[in-house]
Amino acid sequence: MLNDKTILVTGGTGSFGRAFTDHVLTNYDVKKIIIYSRDEFKQWTMENDFRAKYPDKIKKLRFFIGDVRDRDRFRRACQGVDYIVHAAALKQVPACEYNPNEAINTNINGAMNVIEGALDAGVTRVVALSTDKAVNPVNLYGGTKFVSDKLFVAANAYAGEKDVNFSIVRYGNVAGSRGSIIPFFRSIIEKGGTEFPITDYRMTRFWISLTQGVELVIKALAEARGGETFISKIPSFKITDLAEAMLPGCTMKEVGIRPGEKLHEVMVTVEDSYNTYEFENHYIVYPQIILSARRGPDGTGKKVEPGFSYSSGNNTEWMSVEDIRARLHEADIGH
Ligand SMILES: NC(=O)c1ccc[n+]([C@@H]2O[C@H](COP(=O)([O-])OP(=O)(O)OC[C@H]3O[C@@H](n4cnc5c(N)ncnc54)[C@H](OP(=O)(O)O)[C@@H]3O)[C@@H](O)[C@H]2O)c1
């Protein structure tokens, strides 16, 4: 369904955007991928890397310098675009706490510009990336992404008879991503350390790779009817098991949970359960208010029991120390 389409990726030079572009160029024959972001150096580097890897396909990549906060510029970039993947965001929790206006401008006002640009330019599919931190948010980053999610759901109401839908993909920290626990533990090992600070011995996380995130976005582009939040079924691991997998026999010290940190990553809340359907490899949370007959469940999923929730703490699929070690090697991270 991506063949012959023009796709615009906001934040296309980021970790997700690069992985998405790589995956799409490898597996589909798109017309164009437009990378929309601010920093010319990141665009230049990406262009060079992709020119080396895909000399025959580089003409399909276009680089557009622009800020999602700039409505006119974004509207210009949307001309002729079929699909938008909205990945641009400020996403470091402390940076958002210290610079709330900046977080609001990019994550909320930027989202509004993406929606309006898409509606005005006749884009047919928009998928916005969200995070577990938008679920019952406890920090401003999560708060801004919560509002952004609401905006994308509500945008379906503005579509009228137009052939456009807006949906969301939600996942947690990508294994090995910058600022996450794996590079942190690795930096301790590299300095010769043998003791890991653990904020809470009970802490758990989901394990998702960038490729799984990309595949979920492509699923949403293909299957969304408007307003859904797509969530992958993925395994959980204990942080203490991760430490053991990265450095067998290491010692650990409990240092206390940090402000804004959660014990478990929550993807589906009990409140969501009334509108959540289970599929073979994913869940979909539908909006509480279904805005039109062409949106909402299509009868293919199974409604979850009322009171169900899906978090890294109550998952049924767990990774052992050996599983984690194998994944670290497979993904070439953390060792
Ligand atoms: N990484 C994770 O573990 C994770 C987990 C869950 C959800 N997510 C979500 O996934 C999305 C992508 O994350 P990522 O890891 O790829 O982030 P990233 O590596 O930090 O990349 C962010 C991208 O957004 C661009 N950007 C930032 N502000 C912008 C603005 N105002 N206008 C236009 N472009 C802007 C950046 O380029 P310039 O600086 O050049 O503009 C960069 O291309 C985000 O929405 C994030 O919330 C990420």
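Shown above is the structure to which this text applies.
Structural notes, computed from the coordinates.

Cut-offs and rules
Residues numbered from 1 in each chain as written. Predicted model: local features only at pLDDT ≥ 70, side-chain atom pairs only at ≥ 80, totals over all residues. Heavy atoms only, no water. Helix = DSSP H or I, 4+ residues; strand = E, 2+ residues; numbered from the N terminus. Buried < 20%, exposed > 50% of the residue type's maximum accessible area, 1.4 Å probe, protein only. Contact = heavy atoms within 4.5 Å. Near = heavy atom within 4 Å. Polar contact = N/O pair within 3.5 Å; in protein donor to acceptor, adjacent residues only side chain to side chain. Areas by Shrake-Rupley, 256 points an atom, 1.4 Å probe, with all protein chains shown as cover. Nonpolar A, V, L, I, M, F, W, Y, C, P; charged D, E, K, R; others polar.

## A few points about the side chain of S148
Tracing the backbone shows S148 in helix 6 (residues 140-158). For S148, a relative accessible area of 4% puts it in the buried group. Setting aside chain neighbours within four positions, we find S148 in contact with N107 and A111.

## Remarks on the site of the ligand
As a structural note, the neighbourhood of the ligand is formed by 28 residues, with T13, D39, K42, K91 and Y141 the closest of them. T13 places a polar side-chain atom, nitrogen or oxygen, 2.7 Å from an oxygen atom of the ligand. Within the side chain of K145, a nitrogen or oxygen atom sits 2.7 Å from an oxygen atom of the ligand. When isolated, the ligand has an accessible area of 900 Å², and the protein chains bury 93% of it. For the shell around the ligand, the elements supplying multiple residues, two or more each, are helix 1 (15-27), strand 5 (125-131) and helix 6. Broken down by element, the shell around the ligand gets its largest block of residues, three residues, from strand 5. Taken together, the residues of the shell around the ligand sort by class into nine nonpolar, 12 polar and seven charged.

## Remarks on the environment of K162
Inspection of the secondary structure assignment puts K162 in the loop between helix 6 and strand 6 (165-171). Of the residues examined, K162 reaches a relative accessible area of 42% and is grouped as partly exposed. Sequence separation between K162 and T124 is 38 residues; the distance between their C-alpha atoms is 8.2 Å. With near-sequence residues (within four places) excluded, K162 lies in contact with L119 and R294.

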